[in-house]
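Here is how the chains run, residue by residue.
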Amino acid sequence: MSSDLRPKVDVLIGEADLSARVAQLGAEITRDYAGKPLVVIGVLKGSFVFLADLVRAIDLPMAVDFIGISSYQGTRTSGVVQITSDLTRPIEGKDVLLVEDIVDTGLTMKYLLANLATRRPASVKIAALLEKPSRAQVKIPIDYRGFVIGDEFVVGYGLDWDGKLRNLPFVGVPRT
Ligand code: 5GP
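Summary of the structure given here. (Residues numbered from 1 in each chain as written. Predicted model: local features only at pLDDT ≥ 70, side-chain atom pairs only at ≥ 80, totals over all residues. Heavy atoms only, no water.)

Let's talk about the overall build of the protein
Scanning the protein for helices and strands turns up three helices and eight strands. Each helix (α) and strand (β) of the protein, taken in turn from the N terminus, gives the series β-α-β-α-β-β-β-α-β-β-β. Taking 16 Å as the expected radius of gyration for a compact globule of 176 residues, we find that the protein reaches 16 Å, a close match to that expectation. Considered along the principal axes of its C-alpha atoms, the protein spans approximately 50 × 35 × 30 Å. By residue count, 44% of the 176 residues in the protein fall in the buried class. Summarising the internal contacts of the protein: among those between residues at least 6 apart in sequence, 67% fall at separations of at least 24. Roughly 9,000 Å² of accessible area belongs to the protein as shown, and the carbon and sulfur atoms make up 52% of that amount. Taking the average location of the 21 positive side-chain charges in the protein and that of its 21 negative ones, the two points are 3 Å from each other. (Helix = DSSP H or I, 4+ residues; strand = E, 2+ residues; numbered from the N terminus. Rg over C-alpha atoms; globule rule 2.2 N^0.38 Å. Buried < 20%, exposed > 50% of the residue type's maximum accessible area, 1.4 Å probe, protein only. Contact = heavy atoms within 4.5 Å. Areas by Shrake-Rupley, 256 points an atom, 1.4 Å probe, with all protein chains shown as cover. Lys, Arg positive; Asp, Glu negative; His and termini not counted. Charge placed at Lys NZ, Arg CZ, Asp CG, Glu CD.)

Have a look at this one:
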């Protein structure tokens with residue numbers, strides 16, 4: 001699609017701010033997990049850009065795996081979470097860092113935390129690029145938070161609008 005056919009998107013968090021914050025989070029994670037082998041789990045699809053940048057900011061040995069879930073239709077949550085592709089390795093006894101694009105109502109993370117707990121990991125922490133606290137329906141303990149945003153639908157840097165716009169290099173708000 002040529003750029004002039006794309007919906008207009010206003011920049012909310014620009015590339016320089018994203019990259020500076022991801023570097024800080026990576027440094028914190030590197031310090032907190034020193035000496036522990038880490039399993040980083042990306043929640044597909046929205047986390048893939050954040051995860052790609054974050055893992056390169058973490059200076060530790062790690063394994064990377066992905067779990068695919070679908071919870072959204074259009075622009076609002078359906079509240080129903082489905083695993084569309086599962087982890088490829090057991091996480092029993094492992095220190096897990098779950099990487100998510102955005103925590104909105106929190107229902108997806110609540111479901112995932114319960115699901116992962118049944119696999120008996122040593123620990124699970126959450127890194128989320130974005131949090132929308134005004135929409136929280138359940139309290140999710142986010143250990144590494146990129147940015148807090150208001151109640152607006154955002155796209156780019158992995159986040160989609162009906163499957164599109166994930167490749168925008170910034171986080172933005174589509175103009176309606
Ligand atoms: P929750 O279950 O916390 O309501 O929603 C989690 C999932 O909904 C996120 O992983 C993300 O895929 C999607 N989501 C929530 N808010 C937004 C948003 O503002 N923009 C986009 N593109 N996806 C969102």
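Points about the packing of helix α1 (residues 15-32) against helix α2 (residues 48-56)
Packing of α1 against α2 brings their axes to within 8 Å, and their N-to-C directions diverge by 55 degrees. Taken together, the axes of α1 and α2 are oblique relative to one another. Considering how the two elements wind past one another, α1 and α2 form a crossing that is right-handed. On the side of α1, the interface is formed by Val22, Leu25, Gly26 and Ile29, while α2 contributes Phe50, Asp53 and Leu54. Considered class by class, the residues forming the contact of α1 with α2 number five nonpolar, one polar and one charged. (Axes fitted to C-alpha atoms, helices over the stretch in contact; angles between N-to-C directions. Parallel < 35°, antiparallel > 145°, perpendicular 65-115°, else oblique. Left-handed = near helix turned anticlockwise from the far one by under 90°. Nonpolar A, V, L, I, M, F, W, Y, C, P; charged D, E, K, R; others polar.)

Describing the layout of surface pockets
In this structure, the second largest pocket encloses a volume near 200 Å³. Along its surface, the second largest pocket is lined by 15 residues, and Val39, Ala63, Arg89, Pro90 and Lys94 are the ones closest to its centre. Within the residue set of the lining of the second largest pocket, elements represented by two or more residues are β2 (38-44) and β3 (62-73). Ranked by residue count, the leading element in the lining of the second largest pocket is β3, at four residues. Among the residues making up the lining of the second largest pocket, the classes are represented as nine nonpolar, two polar and four charged. (1 Å grid on protein atoms, 1.4 Å probe; cavity = no way out; pocket = protein on both sides within 12 Å on 5 of 7 lines; lining within 4 Å. Points joined across faces, edges and corners; volume = space filled by probe spheres on them.)

Considering unusual backbone geometry
Backbone torsion omega between leucine 44 and lysine 45 reads 5 degrees, so that peptide bond is classified as cis. By the element assignment, lysine 45 lies in the loop between β2 and α2. Phi angles above zero are rare outside glycine, and arginine 120 is one such case at about 55 degrees. Mapped onto the fold, arginine 120 is located in the loop between α3 (107-117) and β6 (123-131). Among the residues examined, arginine 120 registers a relative accessible area of 57% and is labelled exposed. One non-glycine residue with positive phi stands out, namely tyrosine 157, at about 50 degrees. Counting through the fold element by element, tyrosine 157 comes out in the loop between β7 (144-148) and β8 (171-174).

Here we look at the site of the ligand
The ligand sits among 16 residues. The nearest are Asp101, Thr105, Thr108, Val154 and Asp160. Measuring from a nitrogen atom of the ligand, one finds a backbone N or O atom of valine 154 at 2.7 Å. Surface burial for the ligand is 94%, taken as the share of its 510 Å² of free accessible area covered by protein chains. Secondary structure elements with two or more residues in the shell around the ligand: β5 (95-103) and α3. For the shell around the ligand, the element with the highest residue contribution is β5, accounting for four residues. (Near = heavy atom within 4 Å. Polar contact = N/O pair within 3.5 Å; in protein donor to acceptor, adjacent residues only side chain to side chain.)

Regarding the pattern of salt bridges
All told, the structure shown has nine salt bridges when counted by the stated rule. Where salt bridges share partners, they join Asp104, Lys132 and Arg135 into one cluster. (Salt bridge = Lys/Arg side-chain N within 4 Å of Asp/Glu carboxyl O.)

Observations regarding α3
Within α3, burial applies to Thr108, Met109, Leu112, Asn115 and Leu116. Projected down its long axis, α3 carries its buried residues within an arc of 130 degrees, all on one side. (Arc of directions from axis to C-beta.)

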